[in-house]
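So you can see what is in the structure, the chains are spelled out below.
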Amino acid sequence: VNIGTGEGTGTNNTRVGDGALSNLSTGSNNTALGYRSGESTTTHSLNTFVGTLAGLNATSTENTAVGYAALYSGSAQQSSNTAIGSKSLYSITLGGSNTAVGRSAGYTLTSGSYNTMIGRSAYSSSATVTNEITLGDGADKSFRIPGSSFYINGGSEGTTGTKVGINISSPAAQ
């Protein structure tokens, strides 16, 4: 199904919106709903992009982006990312198998993999971290489980937040 400008080819694809999947050449089983959603997808399959600019530069398979500019950057992106919320996983270029739920969740992640970020502006501890879970609404108010360690930071820098470290050589506990 093609509705909008640009044709997009391949098989079993659904495209609604100007520029949606407009560069698709041989990819199959893709769905793009929204202005320029999935525009850079060429030979890739099994993607779902819903929202204006969702998955704009996504160039791999099995990605899901729902919301304005979700999974936006993506130039050399790995597969199996899930971004739900406006600008979630916005900066990802190489990371795969990440899940971000919430407005701007995972926004700063560029090349990390196997991360889960839930909450408005829930950012990972670094742009390249792997195997981390972040719950919260920003870097200063979060619950993290990185690899085999985790910490809780209940306040921002300079406040009396609660910090707990497990399996960390120098936790700052209060």
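Described below are features of the structure shown in this document. (Residues numbered from 1 in each chain as written. Predicted model: local features only at pLDDT ≥ 70, side-chain atom pairs only at ≥ 80, totals over all residues. Heavy atoms only, no water.)

### Here we look at the environment of alanine 83
Logical step 1: Position of alanine 83 among the secondary structure elements: in strand 6 (residues 82-84).
Logical step 2: Here the alpha-carbon distance between alanine 83 and arginine 103, two residues 20 residues apart in the chain, equals 9.5 Å.
Logical step 3: Dropping the residues within four chain positions of it, alanine 83 is found in contact with Thr64, Ala65, Val66, Ala70, Leu71, Ser88, Leu89 and Ala100. (Helix = DSSP H or I, 4+ residues; strand = E, 2+ residues; numbered from the N terminus. Contact = heavy atoms within 4.5 Å.)

### Details of the pattern of salt bridges
Logical step 1: Taken as a whole and judged by the stated rule, the model has one salt bridge.
Logical step 2: The salt bridge involving glutamate 39 is made with arginine 36; its shortest N-O contact spans 2.9 Å.
Logical step 3: With a relative accessible area of 27%, arginine 36 lands in the partly exposed category. (Salt bridge = Lys/Arg side-chain N within 4 Å of Asp/Glu carboxyl O. Buried < 20%, exposed > 50% of the residue type's maximum accessible area, 1.4 Å probe, protein only.)

### What about a nonpolar patch on the surface?
Logical step 1: On the surface, a nonpolar cluster with roughly 400 Å² of combined accessible area is contributed by Val66, Ile84, Val101, Ile118, Ile133 and Leu135.
Logical step 2: Secondary-structure assignment places leucine 135 in strand 9 (residues 132-136).
Logical step 3: By relative accessible area, leucine 135 is classed as partly exposed at 35%. (Patch = residues over 30% accessible without salt bridge, like charges linked within 9 Å, V, L, I, M, F, W, Y side chains within 5 Å. Areas by Shrake-Rupley, 256 points an atom, 1.4 Å probe, with all protein chains shown as cover.)

### Looking at the packing of aromatic side chains
The geometry of an aromatic ring pair is captured by the separation of the ring centres together with the interplanar angle, meaning the angle of the planes.
Logical step 1: Counting across every chain of the model gives two aromatic pairs.
Logical step 2: Measuring from centroid to centroid gives 4.7 Å for tyrosine 72 and tyrosine 90, while their planes differ by 0°, and the two rings are stacked. With tyrosine 72 in the loop between strand 5 (64-66) and strand 6 and tyrosine 90 in the loop between strand 6 and strand 7 (99-101), this residue pair connects regions lying 18 residues apart in the sequence.
Logical step 3: Under the relative-accessibility criterion, tyrosine 72 is labelled partly exposed at 23%.
Logical step 4: Each residue in the set Tyr72, Tyr90 and Tyr107 is aromatic and connected to the rest through ring pairs, giving one cluster. (Phe/Tyr/Trp six-rings, centres within 6.5 Å; stacked < 30°, edge-to-face > 60°.)

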